[in-house]
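Spelled out, the chains give:
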Amino acid sequence: MRLRLQRKDQRISKMNLNPDITDIINYLSLYISYIFLVAFIFRLLKIDFYNPIVKVWVKSIEPISNTVLFFLPKLIASIVFALLIRCLGLYIISIEAGAENAYMEIFVFSLINTIDFVVKFLLYSILISVILSWVSPYNKNPIFSLANNISDAFLQPFRKLIPPTGGLDFSPMIGILVLYLIDNVIIYEIVSVLYGNK
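Residues numbered from 1 in each chain as written. Predicted model: local features only at pLDDT ≥ 70, side-chain atom pairs only at ≥ 80, totals over all residues. Heavy atoms only, no water.

Student: Explanation requested: helix H3 (residues 52-68) in the structure shown.
Tutor: In an α-helix, one turn spans 3.6 residues; hence positions three or four apart end up facing the same way. Taking 1.5 Å of rise per residue, the 17 residues of H3 would be expected to cover 24 Å, and the 25 Å separating its terminal C-alpha atoms lies within 8% of that figure. Of all bends in H3, the biggest is about 30°, found at Glu62, and the proline Pro63 comes one to four residues later. Within H3 the residues assigned to the buried category are Val54, Val58, Ile61, Glu62, Ser65 and Asn66. Put simply, Asn51 is the residue that caps the front of H3, since its side-chain oxygen is 2.9 Å from the backbone nitrogen of Ile53. (Helix = DSSP H or I, 4+ residues; strand = E, 2+ residues; numbered from the N terminus. Expected span 1.5 Å × (residues − 1). Bend = angle between axes of the 7 residues up to and from the residue. Buried < 20%, exposed > 50% of the residue type's maximum accessible area, 1.4 Å probe, protein only. Polar contact = N/O pair within 3.5 Å; in protein donor to acceptor, adjacent residues only side chain to side chain.)

Here it is in structure tokens:
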């Protein structure tokens, strides 16, 4: 299902440019955007600000996006800035490759990268939280607490729909299924609609 998506992404990030330069620009823009997306997730889910990881992350990252996009709310500024960074990276690559008019593909794949990272981040947080609930339920490590906070915040709406019964909580299964559908079905359909079988 992802083969067509990967081929299209390669047309932007691996065109005719020197592979080393392409990789540097591609991954640099990708990982910088990830940094701001994490701040977006923290604020979106209202993660405990007193967690040292969240506190340092937000204080270090948000001022950048808030300064550049001062006219936007903090929540929106983080994700828009992340999207712009990714678009800029792909655009630089496209200019060097002589395909600077690929605006639609640049935007679409920047958006897909953004959605994909958010989905994966939430998914891994849920998995870590579930595993820890079995092997180390009382662990106070900041990283583990952060995973639990993210998982609980994301799964709360599902727990309201299907409350835990008999000590069994089915919300992680539902949450993982929803994330899977977003990442592997909805995104794929968006690409299919925009580009057909190209």
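Student: How should I be thinking about the packing of H3 against helix H6 (residues 142-161) in this particular structure?
Tutor: Any two packed helices are characterised by the angle at which their axes cross and by the distance between the axes. Two elements in contact, H3 and H6, have axes whose closest approach is 8 Å; the angle formed by their N-to-C orientations is 80°. With respect to H6, the axis of H3 lies roughly perpendicular. In this structure, H3 contributes Pro52, Ile53 and Val54 to the contact, and H6 contributes Pro142, Ile143 and Leu146. Each residue belonging to the contact of H3 with H6 can be placed in one class, and the counts come to 6 nonpolar, no polar and no charged. (Axes fitted to C-alpha atoms, helices over the stretch in contact; angles between N-to-C directions. Parallel < 35°, antiparallel > 145°, perpendicular 65-115°, else oblique. Contact = heavy atoms within 4.5 Å. Nonpolar A, V, L, I, M, F, W, Y, C, P; charged D, E, K, R; others polar.)

Student: Can you walk me through the side chain of Ser110 in this structure?
Tutor: Mapped onto the elements, Ser110 comes out in helix H5 (residues 103-135). Those residues in contact with Ser110 that lie beyond four places of it in its chain are Leu83, Arg86, Cys87 and Leu90.

Student: Please clarify how the nonpolar core should be interpreted in this entry.
Tutor: Nonpolar side chains tend toward joint burial in soluble globular proteins. Core analysis: the biggest nonpolar cluster contains 32 residues, and Phe42, Leu122 and Ile150 have the highest contact counts within it. Beyond its immediate sequence surroundings of up to four residues, Leu122 is in contact with Ile41, Leu45, Ile150, Phe154 and Leu179. Within the second largest apolar cluster, 9 residues are counted, among which are Leu83, Cys87, Ile106 and Val191. (Core = buried A, V, L, I, M, F, W, Y, C linked by side-chain atoms within 4.5 Å.)

Student: Whenever I open this one, the packing of aromatic side chains confuses me. Can you help?
Tutor: Each aromatic ring pair is described using two quantities: the centre-to-centre distance and the angle formed by the ring planes. Counted according to the given criterion, the structure contains 9 aromatic pairs. For the ring pair Phe42 and Trp57, a centre distance of 6.3 Å and an interplane angle of 80° mean the geometry is edge-to-face. A residue pair is termed long-range when its members are at least 10 positions apart, and Phe42 in helix H2 (residues 19-44) and Trp57 in helix H3 qualify at 15 residues. Residue classification places Phe42 among the buried residues on the basis of a relative accessible area of 4%. Residue class for Trp57 comes out partly exposed when judged on its relative accessible area of 30%. The interplanar angle of 20° and the centroid separation of 6.2 Å between the aromatic rings of Tyr91 and Tyr103 together place this pair among those described as stacked. Of this pair, Tyr91 sits in helix H4 (residues 74-96) while Tyr103 sits in helix H5, and the two are 12 residues apart along the sequence. Joined through ring pairs, the aromatic side chains of Tyr27, Tyr31, Tyr34, Phe117 and Phe121 make up one cluster. (Phe/Tyr/Trp six-rings, centres within 6.5 Å; stacked < 30°, edge-to-face > 60°.)

Student: Could you clarify how one ought to interpret a nonpolar patch on the surface in this entry?
Tutor: Where nonpolar side chains cluster on the molecular surface, the patch consists of Leu177, Tyr180, Leu181, Val185, Ile186 and Ile190 and spans about 520 Å² of accessible area. Take Ile186: its relative accessible area is 46%, and that puts it in the partly exposed class. (Patch = residues over 30% accessible without salt bridge, like charges linked within 9 Å, V, L, I, M, F, W, Y side chains within 5 Å. Areas by Shrake-Rupley, 256 points an atom, 1.4 Å probe, with all protein chains shown as cover. Salt bridge = Lys/Arg side-chain N within 4 Å of Asp/Glu carboxyl O.)

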